[in-house]
Amino acid sequence: MLGPVILAASRSDRMRRLVSAAPVTRQVVDRFVPGESVDEIVPVIRELTGRGLEVTMDVVGEDITRPEQAAAARDAYLDLVDRLKELELGTRAEMSVKLSMFGQALDGGHELALANVRPVVEAAAAIGTTVTLDAEDHTTLDSMFAIHEELRRDHPETGCVIQAYLYRTESDARRLAASGSRVRLVKGAYKEPAEVAHQQKEETDRAYVRILRTLMEGAGYPMVGSHDPRLVAIAQELARPGGREPGAYEFQMLYGIRAEEQTRLAAEGHRMRVYTAYGTDWYGYFMRRLAEKPANLLFFARSIATKS
């Protein structure tokens, strides 16, 4: 019940100011966003990969209103590529990007976002790694999938994200599974109307399993984005009939959530990738983490009460 309220708050400037000003907020945010600069995040990448985990890096930021902000987002990712090159991790450290950061919502936004993201994808390929296009709200997806298709012409390893709670996703999954692309499946973390998305957790979970089966049976590379122990177990079961060994698919979880489970899966020989966000514009990302799981909100509230 609180999820939609928190998601609405993630778009509120007033709530942004209140949450950002709370003395305890930074300490709690660090659980999910472990740094604000590329210099701060490099040791985190070293630590995670040193424990046998892999990473996908996200420079947080949304609600771009000017072309120069989109260019700055592009440059932030190019700076990240330069640092990843030094680490020589290859695909063990990839990147996730939101096209809204690259100007997708501006006038001429589709072409602007493509022009800004293309050099990031090219730079990533040059150092032996990849980029995954994150899914945002349903109004952006036709543009995202078109950009994904365009980028894959030269860089077929470019990945994308699909969201189980959207009705359209079962059809999208069939198309993407047949094309051999890298596809991350998540439940979905945006406030969507009943006309386009399941509203009940049980419906979303059932859709997730159906879509995951399609991906596992297809020709692509599934990336299982879930912290749900039941879905993690189901993913391993669905991989067996098609003969998918660990390494022919991977698990992905957020930094700061179920760290012990991440370590366990990696120790068992699975590819376990940690979605690691960093940057100064963390508010929208942080609020969606609270909305996704009541325990995250409880953690935040308890921290505030303790510090008070």
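Refer to the preceding data block for the structure.
All of the points below concern the structure found in this document. Quantities reported herein were computed from a predicted structural model and do not represent experimental measurements.

Description of the sheet that holds strand S8 (residues 271–278)
Taking strand neighbours around the barrel as the criterion, the 8 strands line up as S1-S2-S3-S4-S5-S6-S7-S8 in a closed arrangement whose pairing is parallel. Adjacent strand axes in the sheet meet at a mean angle of 30° when their direction is disregarded. Alignment of strand S2 (residues 93–97) against strand S3 (residues 131–133), held across 3 bridges, turns out to be parallel. If you follow Met95 over to S3, its bridge partner there is Val131. Running over the sheet, helix H5 (residues 67–87) touches strand S1 (54–59), S2 and S8 and is turned about 175° from S2. The strands touched by helix H7 (residues 141–152) within the sheet are S3 and strand S4 (159–163), with S4 carrying the most contacts at an inclination of about 155°.

A look at the layout of surface pockets
Of the voids in this model, the second largest pocket is the one considered here, and its volume is about 250 Å³. Val59, Val60, Ala72, Ala76 and Met101 are, among the 18 residues lining the second largest pocket, the residues nearest its centre. When residues in the lining of the second largest pocket are grouped by element, the largest group, 5 residues, is from H5. Across the lining of the second largest pocket, the residue classes tally to 9 nonpolar, 5 polar and 4 charged.

Concerning unusual backbone geometry
Negative phi values dominate among residues other than glycine, just as trans dominates among peptide bonds. Backbone geometry at Glu88 places phi at a positive 55°, although glycine is not the residue there. Its place among the elements puts Glu88 in the loop between H5 and S2.

Things to note about helix H9 (residues 201–217)
Here H9 spans 24 Å end to end across 17 residues, near enough to the 24 Å set by a 1.5 Å rise per residue. All of the buried residues in H9 are Thr204, Asp205, Ala207, Tyr208, Val209, Ile211, Leu212, Leu215 and Met216. Residues of H9 that are buried in the fold lie against S4, helix H8 (169–179), strand S5 (182–186), strand S6 (221–225) and helix H10 (229–239).

Quick word on the nonpolar core
Leu80, Met95, Val117, Leu133 and Ile162 are the most contacted members of the largest nonpolar core, which has 73 residues in total. Formed by 5 residues, the second largest nonpolar core is a distinct cluster that contains Phe32, Val33, Ile257 and Tyr275.

Quick look at the pattern of salt bridges
A full pass over the atoms with the stated rule returns 27 salt bridges. Residues Asp75 and Arg74 are paired through a salt bridge, measuring 3.0 Å at the closest nitrogen-oxygen approach. Judged by its relative accessible area of 34%, Asp75 is partly exposed. For the salt bridge of Asp205 with Lys201, the shortest nitrogen-to-oxygen distance reads 2.6 Å. On the criterion of helical spacing, the pair formed by Asp205 and Lys201 is a turn pair, its members being 4 residues apart in helix H9. Counted as one network, the salt bridges with shared partners bring together Lys187, Lys201, Asp205, Asp228 and Arg230.

Rules used in this analysis
- Residues numbered from 1 in each chain as written.
- Predicted model: local features only at pLDDT ≥ 70, side-chain atom pairs only at ≥ 80, totals over all residues.
- Heavy atoms only, no water.
- Pairing = 2+ DSSP bridges.
- Helix = DSSP H or I, 4+ residues; strand = E, 2+ residues; numbered from the N terminus.
- Axes fitted to C-alpha atoms, helices over the stretch in contact; angles between N-to-C directions.
- Contact = heavy atoms within 4.5 Å.
- 1 Å grid on protein atoms, 1.4 Å probe; cavity = no way out; pocket = protein on both sides within 12 Å on 5 of 7 lines; lining within 4 Å.
- Points joined across faces, edges and corners; volume = space filled by probe spheres on them.
- Nonpolar A, V, L, I, M, F, W, Y, C, P; charged D, E, K, R; others polar.
- Expected span 1.5 Å × (residues − 1).
- Buried < 20%, exposed > 50% of the residue type's maximum accessible area, 1.4 Å probe, protein only.
- Core = buried A, V, L, I, M, F, W, Y, C linked by side-chain atoms within 4.5 Å.
- Salt bridge = Lys/Arg side-chain N within 4 Å of Asp/Glu carboxyl O.

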